[in-house]
Amino acid sequence: MTLTLEQLNAAPLPEATTWLEGLYEHSPWIAAAALAQRPFRSLPQLKHLMARLIHDAGREAQLTLICAHPELAGKAMASNTLTAESTNEQSKAGLTHCTADELTKIQALNTSYQAKFGFPFILAVRGPRGTGLSRQEIIATFERRLANHPDFELAEALRNIHRIAELRLNDKFGIEPSLGNQVWDWQEKLSAFSDPDYLEKGQLTVTYLTDAHRAAAQQIKQTMQDNGFDEVFIDAVGNVVGRYKAAQPGAKTLMTGSHYDTVRNGGKYDGRLGFFTPMACVAELSRQKKRLPFDFEVIAFAEEEGQRYKATFLGSGALIGQFNPVWLDQKDTDGVSMREAMQHAGLPATLEAIAQLQRKPADYLGFVEVHIEQGPVLNELDVPLGIVTSINGGVRYVCEVTGMASHAGTTPMDRRRDAAVAVAELALYVEQRAARDGDSVGTIGIWTVPGGSINVVPGRCQFTLDLRAPTNPQRDALVKDVLAELAAICERRGVYHTAEETMRAAAAPSATDWQQYWENAVDSLGVPLYRMPSGAGHDAMKLHEVMPQAMLFVRGQNSGISHNPLESTTSDDIELAVQAFQHLLNQLADQTHD
């Protein structure tokens, strides 16, 4: 029997409880407690409600729930005593067909895990797409999570239990997140392109105008062409631009998008979710032969991360006239200038061509962006979507401290001019100074001793500074204090320093009316509203300088980790993001018609 929400809301409690049996392993109290709070506006609301009931039940009830689950490929599977739901899931993951070596490995992991944590290893083996993880993925996850702290691992176990329940609920209601699956599949296909040395290791790295970057651009362009865009092209800096034209010519434009370059050994969703989500909206509009009363411009920005060249936000910055001419002469670590890289990619590599990319703000309604959260907050709250209130302002520096290289054995400690220790002292100060604000952050992400040796006092230390805060005055105060401390440390230690500013981005509060569009969209899904700032920088920061902007965050898996291969989200959460975007488009269409 395939249920409907209307049936669930109207059924007598005993009957409704029976319908929801098996969502949470041997724990019918969860569904019963949720049903007492009917009617439900949506299935996502029911999913969230059950997760919060477990959160509020306390640690003892949570441990009881976890322990109600069987081990993977364990005794219950061997004795054929699994529940029907667990049998189906373990079978889909191929655990009923393990090789002897795989079975031995999993059983040993089960023993080690139980000994360390005192509860069975829980994994949603149907995975983020719902189609099942491979046995190799399961074993790798098992091994990785064995290293977790017990409190963290308990939270991971519960997160996986909620995912299991979500998939089981989808089955009962015949729900297939088809748009989320489509976006998930597009992401997987695009992740096949990676720079040399990383591809061979199975790592994702796509830096500006490499062969992998250009192949990714062509893949994005083809996907746009296959899904109903009227115009698709790659512009003078490598942005992939798709336009879905309005019902009538001469209309204003809504812009959206995010970047397709990545950090080194990064994740599949950072940036890329921001153009694939609206692409799914265009695909549906095209399929329905429906036009909007405004042009819809979806842009995959070529560069945001600043990995190959010191040119962060190059793609979006070019659209607001902020392409720095000196960038063309920058060279990467292989000595290739940006101008040469552009020419190799078939781009004009002239300031005149790049200047023509600048948009006229009067032609635009605004800019919206969907992005994976890149943090743990939504995951911890069991909330799939977050409303961004503001993007933190940030400043980045490339720095160097120069002291005196000397013999590590013969140079007394009070005679040293150690460049690396000076930076170490600064790192501790950055940590303390940022913490003083409560919501400022500071990071030394790169720290190298050129030509260092085990028996040489470091004479040089190269490092970066990344300083961020929710407002420009707070950011500037943090920067002032950190640079002053760097100067004081160097003077006291008899070393010298340089600090080159490579990026400065203003804080970007969301436009009130555009933030409200996102809030209306999320509320329409029956999902709780959660408002939050963005600690990470985004392309929306640049567009904010010339037009109103607002962002929507999508929950990440694995405690929301990002800039990491473990970065992930589910097709169910992506589906909600697509639906929220569709709702925003409809709101804007209704307003434009009015």
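Calculation rules
For every chain, the first residue of the written sequence is number 1, and numbering continues from 1 onward in sequence order. Per-residue local features of the predicted model are confined to residues with pLDDT of at least 70, and side-chain atom pairs are confined, for both listing and counting, to 80 or more; whole-chain, interface and lining totals are unaffected and use all residues. Each side-chain value is worked out from all heavy atoms of the structure, with water and hydrogens disregarded. Put simply, DSSP marks the helices as runs of H or I at least four residues long and the strands as runs of E at least two long, and each gets a number from the N terminus on. Each radius of gyration is computed over the set of C-alpha atoms, and the globule rule expresses the reference value as 2.2 Å times the number of residues to the power 0.38. Only protein chains enter the area calculation, which uses a 1.4 Å probe; residues under 20% of their type maximum are buried, those over 50% are exposed, and those in between are partly exposed. Orientation is described by axes fitted as lines to C-alpha atoms, over the contacting stretch for helices, and by angles from 0 to 180 degrees between their N-to-C directions. By the definition adopted for this analysis, an angle is roughly parallel if under 35 degrees, roughly antiparallel if over 145, roughly perpendicular if from 65 to 115, and oblique otherwise. Should the near helix be turned anticlockwise from the far one by less than a right angle, the crossing is termed left-handed; should it be turned clockwise, right-handed. The contact definition used throughout considers only heavy atoms, calling two residues in contact when any of these lie within 4.5 Å. By convention in these notes, a salt bridge is any Lys or Arg side-chain nitrogen within 4 Å of a carboxyl oxygen on Asp or Glu. We treat two strands as partners when DSSP finds at least two bridges between them. Stacked, edge-to-face and tilted are the three classes for Phe, Tyr and Trp ring pairs, Trp counted by its six-membered ring, which pair at centre distances within 6.5 Å; planes under 30 degrees apart are stacked, over 60 edge-to-face, the rest tilted. Geometrically, a charge over a ring is one whose NZ (Lys) or CZ (Arg) sits within 6 Å of the ring centre while staying within 35 degrees of the ring normal. Charge assignment in this entry is limited to Lys and Arg as positive and Asp and Glu as negative, and neither His nor the chain termini are counted. Residues adjacent in sequence count toward polar contacts only when both atoms are side-chain atoms; beyond that, a polar contact is any pair of N or O atoms within 3.5 Å, and within protein one must be able to donate a hydrogen and the other to accept it. To obtain the arc, one takes the directions from the helix axis to the C-beta atoms. A helix's residues, less one, multiplied by 1.5 Å, set its expected span. Gly counts as polar in this scheme, as do all residues outside two lists: the nonpolar Ala, Val, Leu, Ile, Met, Phe, Trp, Tyr, Cys and Pro, and the charged Asp, Glu, Lys and Arg. Note on terminology: pairs of cysteine sulfur atoms within 2.5 Å are recorded as disulfides.

Trainee: What exactly am I supposed to notice about the overall build of the chain here?
Mentor: Across its full length, the chain holds 22 helices and 16 strands. Expected size for 594 residues packed as a compact globule is a radius of gyration near 25 Å; at 26 Å, the chain falls within 12% of this value. Seen through its principal axes, the chain has C-alpha atoms that stretch 75 × 70 × 45 Å. Looking at the chain as a whole, 54% of its 594 residues are labelled buried.

Trainee: How should the packing of helix 8 (residues 100–117) against helix 9 (residues 135–145) be read in this particular structure?
Mentor: Geometry of a packed helix pair, given as the angle between the helix axes and the separation of the axes. One way to put it is that helix 8 packs onto helix 9 with a least axis distance of 10 Å and a crossing angle of 25°. The pairing of helix 8 with helix 9 is recorded here as roughly parallel in orientation. In this structure, helix 8 meets helix 9 at a crossing whose hand is left-handed. Across the interface between the two elements, Glu 102, Lys 105, Ile 106, Leu 109, Asn 110, Tyr 113 and Phe 117 from helix 8 touch Arg 135, Gln 136, Ile 139, Phe 142, Glu 143 and Arg 145 from helix 9.

Trainee: Would you take a moment to explain the pattern of salt bridges for this structure?
Mentor: Between side chains of opposite charge, pairing is possible as soon as their charged atoms come close. Summed over the entire model, instances satisfying the criterion amount to 39 salt bridges. Across the salt bridge formed by Asp 476 and Arg 475, the nearest N and O atoms sit 2.8 Å from each other. Among the residues examined, Asp 476 registers a relative accessible area of 33% and is labelled partly exposed. Several salt bridges converge on common partners, so that one network encompasses Lys 47, Arg 163, Glu 166 and Asp 572.

Trainee: Help me understand the side chain of Gln 330, please; the structure alone is not making it clear to me.
Mentor: Looking at the element boundaries, Gln 330 is found in the loop between helix 14 (314–318) and helix 15 (338–344). Using a relative accessible area of 17% as the deciding quantity, one classes Gln 330 as buried.

Trainee: Which parts of the structure should I look at to understand the environment of Glu 373?
Mentor: Residue placement: Glu 373 occurs in the loop between strand 5 (364–372) and helix 17 (377–381). C-alpha of Glu 373 to C-alpha of Leu 552: the two residues are 179 residues apart in sequence and 8.6 Å apart in space. Setting aside chain neighbours within four positions, we find Glu 373 in contact with Leu 378, Asn 379, Met 532, Phe 553 and Val 554.

Trainee: Got a minute to help me understand the pairing of strand 5 in this structure?
Mentor: Looking along a regular strand, one sees side chains alternate from face to face of the sheet. With eight of nine residues buried, strand 5 lies mostly within the body of the structure. Both strand 5 and strand 16 (residues 549–554) contribute to a ladder of six bridges, which runs parallel. Directly across from His 371, in strand 16, lies its bridge partner Phe 553.

Trainee: Explain unusual backbone geometry here, please?
Mentor: Generally, phi is negative for residues other than glycine and the peptide bonds are trans, each holding for most cases. Here the bond from Arg 38 into Pro 39 is cis, since omega is 5°, no more than 30 degrees from zero. With respect to the secondary-structure elements, Pro 39 resides in the loop between helix 3 (28–35) and helix 4 (43–57). Unlike most non-glycine residues, Leu 209 shows phi in positive territory, near 65°.

Trainee: I keep staring at the packing of aromatic side chains and nothing clicks. Help me out?
Mentor: Each aromatic ring pair is summarised here by two numbers: the centre-to-centre distance and the angle between the ring planes. Applying the stated criterion to the full structure yields 13 aromatic pairs. The interplanar angle of 25° and the centroid separation of 5.8 Å between the aromatic rings of Phe 117 and Phe 119 together place this pair among those described as stacked. Each member of the pair, Phe 117 as well as Phe 119, carries the same accessibility label: buried. Through a chain of ring-to-ring contacts, the aromatic side chains of Tyr 113, Phe 117, Phe 119, Phe 121 and Phe 142 assemble into a single cluster. Stacked on the ring of Tyr 244, the Lys or Arg Arg 291 has its end atom at 4.2 Å from the ring centre.

Trainee: Whenever I open this one, the side chain of Asp 261 confuses me. Can you help?
Mentor: Topologically, Asp 261 is positioned in the loop between strand 3 (253–259) and helix 13 (273–287). Notably, Asp 261 is buried but unbridged: the nearest opposite-charge side chain belongs to Arg 272, and the N-O separation is 7.5 Å. Polar side-chain contacts of Asp 261 include one of 3.0 Å to the backbone nitrogen of Glu 305. Setting aside residues up to four positions removed in sequence, Asp 261 forms contacts with Val 206, His 213, Phe 301, Ala 302, Glu 303, Glu 304, Glu 305 and Gly 306.

Trainee: Looking at this structure, I do not really get the environment of Arg 493. What am I missing?
Mentor: By the secondary structure assignment, Arg 493 is in helix 19 (residues 472–493). Residues Arg 493 and Val 421, 72 residues apart in the sequence, show an inter-C-alpha distance of 9.4 Å. Look past the residues within four positions of Arg 493 in its chain and what remains in contact with it is Arg 416, Arg 417, Val 421, Ala 422 and Glu 425.

Trainee: In this structure, what is going on with helix 7 (residues 84–92)? I would like to understand it.
Mentor: For the α-helix, the turn length of 3.6 residues means that residues three or four positions removed from each other point alike. Those residues of helix 7 lying buried are Ser 86, Glu 89 and Gln 90. Each buried residue of helix 7 lies within a common arc of 95° when the element is viewed along its axis, so the set occupies one face. Backbone geometry just downstream of helix 7 places Gly 94 in the positive-phi region, at approximately 80°.

Trainee: I'm lost on helix 11 (residues 178–190) in this one. Help?
Mentor: Here helix 11 contains 13 residues, and its C-alpha end-to-end distance of 18 Å stays within 8% of the 18 Å for a straight helix at 1.5 Å per residue. Buried within helix 11 are the following residues: Leu 179, Gly 180, Asn 181, Val 183, Trp 184, Trp 186, Gln 187 and Leu 190.

Trainee: Please clarify how the packing of helix 11 against helix 12 (residues 211–226) should be interpreted in this entry.
Mentor: Two elements in contact, helix 11 and helix 12, have axes whose closest approach is 10 Å; the angle formed by their N-to-C orientations is 150°. It follows from the interaxial angle that helix 11 and helix 12 lie roughly antiparallel. By crossing handedness, the relation of helix 11 to helix 12 is classed as right-handed. Residues Trp 186, Lys 189 and Leu 190 of helix 11 lie in contact with helix 12, whose contacting residues are Ala 216, Gln 219, Ile 220 and Thr 223. The residue makeup of the contact of helix 11 with helix 12, split by class, is four nonpolar, two polar and one charged.

Trainee: Is there a simple way to explain the state of the cysteines in this structure?
Mentor: What we call a disulfide is simply a covalent bond connecting the sulfur atoms of a pair of cysteines. Tallying each qualifying case throughout the model produces zero disulfides. Looking at the unpaired Cys 490, the closest cysteine sulfur is the one in Cys 399, lying at 9.5 Å.

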